[in-house]
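Survey of secondary and tertiary structure
Each chain, written out:
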Amino acid sequence: MRASFFILPLAASLAAAPALAQDLSGFYLGGDLGGFETEFDGGDLEADGTAYGIHGGYRYGFTPKLFAEGELFYTVLDGDTDDDAVELEGYYGLSVGLGYYFTPEVYSTAFVGAAQVETDSDANGSNTDDGTIYGVQVGYDLTEFDSIAVRYSRIDVDAEDLDDFDTDVFALRYSRRF
């Protein structure tokens, strides 16, 4: 009787592990809300404002704890430089990441990707420049399908008509898995 008291829960947890690994895989869609700060390389010019956007992707579970994901994103940047000469309008792109579950609900992800950053300046008009995006996030699964995360992203931009610049984005994200 005592042996079955320990064997049954152990067998149940081992049987559930493959199901959890399958639950990590699937599509997701969500939204972001946060803020950003930008520093231009050529001087003391800075910008800040609000960031909000959408994201969607696919997560693949390698194990019950380890996963990879690919994500498409579009984020609106609502802000401009201190002198109002440059307005940052948004960015979009693709990233890939690797994540790990520390508990059944708490996870972290590191990611890297390519981004296109849209600006509008008094001197050069509207531009779209190439950038590299990378960062980390810490998330919590509210349910089997819903999660929230705090995300930090940095975008290094090689601008053609402006000085190169770096944008830091801090955002709260909600995602729904399908």
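Predicted, not measured: the structure shown is a model, and the values here were computed from it.

Conventions we followed
Residues numbered from 1 in each chain as written. Predicted model: local features only at pLDDT ≥ 70, side-chain atom pairs only at ≥ 80, totals over all residues. Heavy atoms only, no water. Helix = DSSP H or I, 4+ residues; strand = E, 2+ residues; numbered from the N terminus. Buried < 20%, exposed > 50% of the residue type's maximum accessible area, 1.4 Å probe, protein only. Contact = heavy atoms within 4.5 Å. Areas by Shrake-Rupley, 256 points an atom, 1.4 Å probe, with all protein chains shown as cover. Pairing = 2+ DSSP bridges.

1. Concerning the overall build of the chain
Scanning the chain from N- to C-terminus turns up one helix and eight strands. When the helices and strands of the chain are placed in sequence order, the string is α-β-β-β-β-β-β-β-β. Across the 178 residues of the chain, 39% fall into the buried class. When contacts within the chain are restricted to residue pairs at least 6 apart in sequence, long-range pairs at least 24 apart make up 57% of them. For the chain, the computed accessible surface area is about 9800 Å², with 61% contributed by carbon and sulfur atoms.

2. A few points about the pairing of strand β6 (residues 125-141)
Pairing of strand β5 (residues 106-121) with β6, which is carried by 16 bridges, proceeds in the antiparallel orientation. Each residue of the ladder has a partner; that of Ser108, found in β6, is Val138. Relative to strand β7 (residues 146-158), β6 runs antiparallel, the two being bridged by twelve bridges. Note on β7: the bridge partner recorded for Tyr140 is Ile148. Connecting the antiparallel pair β6 and β7 is a turn made up of four residues.

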